[in-house]
Amino acid sequence: MFLRSLYRLQNLSRSSSNINPKHAVLAAFQPLLQNRPYANTPQPAASASSVNQTELAKFAAIADSWWDVEGPFKPLHIMNPTRLAFIRSTLCRHFGKDPFSAKPFEGLKFVDVGCGGGILSEPLARMGASVTGVDAEEKNIKIARLHADLDPVASSIEYRCTTAENLVEEQMKFDAVIASEVIEHVADPAEFCKSLSALTVSNGATVISTINRSMRAYATAIVAAEYILHWLPKGTHQWSSFLTPEELLLILQRASISVEEMAGFAYDPLTGQWSLSDDIGVNFIAFGVKISQ
């Protein structure tokens, strides 16, 4: 069993004993959320898209490199086993599945929102899930389909060039909704999470991974990764678009998703590998459950 970090809500706020910790969290971070850019802009209609065209163009320019393990998506390829370890552990426990089974997700419907070239969708399909991969960039979907056709199991993935909002309009529902390294690139994180929630069945699961808006994240994910090590093209990330764990927790709570667990990703420069950690100061991943209405 790998090391797993439990991000306990009661540790976010030192409230008095007669105050519900979750209410204390909401009260403490209300001013912070109100000062975020997306809090002061008019809320789009339910059918509006959260797609950020500038961000979309960045990924369209490097779409052909999705499966180049030494290319601009190398960090995601290296991180993938660690992301999958968290997903496998939390979802198997939530759905009562055997994590040691070859196909623990058999019988479950997953959607990978912002799937890119399919580097997360494919292993989820190999673990037995019925996977739908969606991305707003047509080039990404074409690459994903071409690569999936090389594997009989992965070829079962339904790739679609669309958005989460469009799937909501189609009244699609999934047992688990996954958005990995996506929310920092959308136009409106709050509306995006509402769409993720709408796609999740009651008591279903939502998994989101992203980057913390911390100075350490600026130093490592932007300065080091983009300008020094050249792991990513310059301008891939905007620090102001990152969310802190507290902000993500509140946004998901408002979207009727209760965050049950959170873990950080730690990079070891000596081994060149990622591992799960208690440190959520830079990269982190959250597992939440759709609250029954």
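These numbers were taken from a predicted model, which means no experiment stands behind them.

On to the packing of helix α7 (residues 189–199) against helix α9 (residues 245–254). Running from amino to carboxyl end, α7 crosses α9 at an angle of 50°, the nearest separation of the two axes being 9 Å. Looking at the two axes, α7 sits oblique to α9. As for how α7 packs across α9, the hand of that crossing is right-handed. Across from Pro189, Ala190 and Cys193 in α7, the residues of α9 making contact are Leu248, Ile251 and Leu252. Classifying every residue of the contact of α7 with α9 by side-chain character gives six nonpolar, no polar and no charged.

Let us now look at the environment of Phe265. Residue placement: Phe265 occurs in strand β6 (residues 257–268). In this structure the C-alpha to C-alpha distance between Phe265 and Asp279, which are 14 residues apart in sequence, comes to 7.2 Å. Setting aside chain neighbours within four positions, we find Phe265 in contact with Met79, Thr82, Arg83, Ser209, Trp274, Ser275, Leu276, Asp279, Asn283, Phe284 and Ile285.

This part is about unusual backbone geometry. The phi dihedral of Gln171 falls on the positive side, at around 60°, and the residue is not glycine. In this fold, Gln171 is placed in the loop between α6 (164–169) and β4 (174–180). Residues other than glycine seldom take positive phi values, yet Asn203 does so here, at roughly 70°. Topologically, Asn203 is positioned in strand β5 (residues 200–211).

What follows is about the pattern of salt bridges. A full pass over the atoms with the stated rule returns eight salt bridges. In this structure, the salt-bridge partner of Arg126 is Glu122, at a minimum N-O distance of 2.9 Å. Linking Arg126 with Glu122, this pair stays in helix α4 (residues 121–126), spanning four residues, or about one helical turn. Judged by relative accessible area, which is 35%, Arg126 ranks as partly exposed. For Arg126, the salt bridge is made with Asp151, and the minimal N-O distance between the two is 2.9 Å. Within this pair, whereas Arg126 is found in helix α4, its partner Asp151 is found in the loop between α5 (138–148) and β3 (158–161), the two being separated by 25 residues in sequence. We classify Asp151 as buried; its relative accessible area is 18%. Look at the salt bridges and you will find they share partners, linking Glu122, Arg126 and Asp151 into a network.

Ordered in space as β3-β2-β1-β4-β5-β8-β6-β7, the eight strands form an open sheet in which the pairing is mixed. What marks the edges here is a single partner per strand, and that holds for β3 and β7 (273–277). For this sheet the average axis-to-axis angle between neighbouring strands, irrespective of direction, equals 20°. Pairing of β5 with strand β8 (residues 283–290) involves seven bridges; the strand directions are antiparallel. The residue of β8 that forms the bridge with Ile208 is Ala286. Across the sheet, α9 is in contact with β5, β6 and β8; its angle to β6 comes to roughly 150°.

Counting 33 residues, the largest nonpolar core has Ile87, Leu91, Phe105, Phe110, Leu124 and Val207 as the members making the most contacts within it. Put simply, the parts of the chain that give this core at least two residues each are α3 (74–95), α4, α5, β4, β5, β6, β7 and β8. Here this core gets six residues from one element, more than from any other, and that element is α3. Apart from the residues within four sequence positions on either side, Val207 is in contact with Phe86, Ile87, Leu91, Val177, Ile178, Ala179, Ile285, Ala286 and Phe287. Counting residues in each nonpolar core, the second largest holds 30 residues, with Val186, Ile208, Leu243 and Ala286 among its members.

So, on to the confidence of the model for the chain. Overall, the prediction assigns the chain a mean pLDDT of 85, with 83% of residues at 70 or greater. Between residues 1–47, whose pLDDT stays under 50, and residues either more than four places distant or in other chains, the model counts 75 contacts.

Before going further, it helps to examine the state of the cysteines. If you walk through the whole model with that rule in mind, you get zero disulfides. Among the cysteines around Cys161, which has no disulfide bond, Cys115 carries the closest sulfur, lying 9.3 Å off. Accessibility expressed as a relative area gives 35% for Cys161, which makes it partly exposed.

Moving on, we come to the pairing of β8. A regular strand carries its side chains on alternate faces of the sheet. Among the eight residues that make up β8, eight are buried, leaving the element largely enclosed by the rest of the structure. Alignment of β6 against β8, held across eight bridges, turns out to be antiparallel. When the bridges of β8 are listed, Phe265 appears paired with Asn283.

Definitions and cut-offs
Residues numbered from 1 in each chain as written. Predicted model: local features only at pLDDT ≥ 70, side-chain atom pairs only at ≥ 80, totals over all residues. Heavy atoms only, no water. Axes fitted to C-alpha atoms, helices over the stretch in contact; angles between N-to-C directions. Helix = DSSP H or I, 4+ residues; strand = E, 2+ residues; numbered from the N terminus. Parallel < 35°, antiparallel > 145°, perpendicular 65-115°, else oblique. Left-handed = near helix turned anticlockwise from the far one by under 90°. Contact = heavy atoms within 4.5 Å. Nonpolar A, V, L, I, M, F, W, Y, C, P; charged D, E, K, R; others polar. Salt bridge = Lys/Arg side-chain N within 4 Å of Asp/Glu carboxyl O. Buried < 20%, exposed > 50% of the residue type's maximum accessible area, 1.4 Å probe, protein only. Pairing = 2+ DSSP bridges. Core = buried A, V, L, I, M, F, W, Y, C linked by side-chain atoms within 4.5 Å. pLDDT = per-residue confidence, 0-100. Disulfide = S-S within 2.5 Å.

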